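Examination of the molecular architecture
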Amino acid sequence: MDKLKADSNDFATNIKKSSVRNLYWSVAWVASIALAAFGPRLIWDFATLPTILGVLISLGVGFGMIVSTNRYIQGLDELGQKIFLDAAAFTLGVGLVCGLSYELLEDIRLISFEPEIGHLIILMGLTFMAGMIAGHRKYR
Amino acid sequence: MKNRFKVLRAEQDWTQAQLAHELQVSRQTVNAIETGKFDPSLKLAFRAARLFELGIEDIFQDEAAS
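Our subject in this report is the structure included herewith. Note that this is a predicted model, so its numbers are computed, not measured. The numbering scheme is per chain: residues are counted from 1 as the chain's sequence reads. For naming, the first written chain is A and the first written ligand is 1, with later ones following in the order written. Local features are withheld for residues below a pLDDT of 70 in this predicted model, meaning they are given only at 70 or higher, and side-chain atom pairs are given and counted only at 80 or more; totals for whole chains, interfaces and linings count all residues. Think of the side-chain values as coming from all heavy atoms in the structure, minus any hydrogens and water.

As for helix H1 (residues 11-42) of chain A
Residue and element names in this part refer to chain A. Formally: Numbered from the N terminus, helices here are DSSP runs of H or I no shorter than four residues, and strands are runs of E no shorter than two. Expected helix span is given by 1.5 Å per residue-to-residue step, counting one fewer step than there are residues. Bend, at a single residue, is the angle you get between axes fitted to the 7 residues ending at that residue and the 7 residues starting at it. Burial here depends on accessible area, computed with a 1.4 Å probe over protein chains only, as a share of the maximum for the residue type. Under 20% is buried, over 50% is exposed, and the range in between is partly exposed. The criterion used for residue contact is that any of the two residues' heavy atoms lie within 4.5 Å.
Along its 32 residues, H1 runs 45 Å from first to last C-alpha, staying within 8% of the 46 Å computed at 1.5 Å per residue. Ala36 marks where H1 bends most, by close to 30 degrees; the proline Pro40 follows one to four residues later. Residues of H1 that are buried include every one of Phe11, Ile15, Ser18, Asn22, Ser32, Ala36, Gly39 and Pro40, and no others. Each element contacted by the buried residues of H1 is listed here: helix H2 (48-75).

Some remarks on a nonpolar patch on the surface
All names here are of chain A. Note the threshold: Any residue with relative accessible area above 30% and no salt bridge may belong to a patch, with like charges joined within 9 Å and the nonpolar Val, Leu, Ile, Met, Phe, Trp and Tyr side chains within 5 Å. Only the protein chains shown count as cover for residues, and all accessible areas are computed by the Shrake-Rupley method using a 1.4 Å probe. The salt bridge definition used is simple: a Lys or Arg side-chain nitrogen within 4 Å of an Asp or Glu carboxyl oxygen.
On the surface, a cluster of nonpolar side chains totalling about 870 Å² of accessible area is made up of Leu49, Ile52, Leu53, Val55, Leu56, Ile57, Leu59, Phe63 and Ile66. Tracing the chain through its elements places Leu53 in helix H2. Given a relative accessible area of 45%, Leu53 falls into the partly exposed group.

Observations regarding the layout of surface pockets
All names here are of chain A. To keep it simple, the criterion reads: Every definition here rests on a 1 Å grid over the protein atoms only: cavities are sets of points where a 1.4 Å probe fits but cannot get out, pockets are open sets enclosed by protein on both sides within 12 Å along at least five of seven lines, and lining residues have some atom within 4 Å of a point. Grid points are joined across faces, edges and corners, and a volume is the space filled by probe spheres set on the points.
In this structure, the largest pocket encloses a volume near 640 Å³. Along the walls of the largest pocket sit 15 residues, with Ser26, Met65, Thr69, Phe84 and Phe128 positioned nearest its centre. Among the secondary structure elements, those contributing two or more residues to the lining of the largest pocket are H1, H2, helix H3 (78-107) and helix H4 (117-138). At five residues, H1 tops the list of elements feeding residues into the lining of the largest pocket.

Some remarks on the interface of chain B and chain A
Counted only if it meets this: Once two parts are brought into contact, the accessible area they lose, counted with a 1.4 Å probe and summed over both, makes up the buried area.
On the side of chain A, 19 residues touch chain B, which itself brings 22 residues to the contact. Together, the buried faces of chain B and chain A total about 1900 Å²; carbon and sulfur atoms form 51% of this surface. Summed over the three residues of chain B that lose the most area to chain A, namely Glu22, Gln24 and Gln28 of chain B, the buried surface amounts to 32% of that side. At the boundary of chain B with chain A, the tally comes to zero salt bridges.

Observations regarding the pattern of salt bridges
Residue and element names in this part refer to chain B. Throughout the structure, instances matching the rule amount to two salt bridges over all chains. Glu34 is the partner of Arg9 in a salt bridge, and the nearest nitrogen-oxygen pair spans 2.4 Å. Taken together, the positions of Arg9 in helix H1 (residues 5-12) and Glu34 in helix H3 (residues 27-34) put the pair 25 residues apart, joining distant regions of the chain. We note that Arg9, like Glu34, is buried.

By themselves, these figures tell us nothing about what the structure is for.
In structure tokens:
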């Protein structure tokens, strides 16, 4: 049973660690976006320097999250990567098709409000979650 | 593609979790391979062959050829 242990650590433990690390980055990114969005209005009264810093911090943390997610995906086994990739591809398609149609709704005066990017992000988040659940169910 | 994963695992008296640990994949992956829902990559197939001390063709068979 020890034949293959030498060249790798415990897979499940590594995935768990990687997931937790990715979760921290995601929470940090959401917090940095909140700071960049609400800080100017609620904390520093639109002063230019902290506002720029807030945006730069959110960009930096965002890239950190991207790197962390990439490492997480690389750490998955091949089935895990396939499920993730399928869900991501489905999300990209839904995001593109629905995003463009949603944006069009205002131009053709079917809705009277400005389409919010947040709505698209919520849709993409839900689509990705549904894709991951469907993938895990398929290969259960 | 057919495979003898389940039989070989049973011969070694391993659980899916033990085999998954040895192959450094998830238990879900072992189960998906055993049930024929997922075909492993060549890299993983070689890993399994090394683990079971068999040739790849002794573990995996092309259904179209048989």
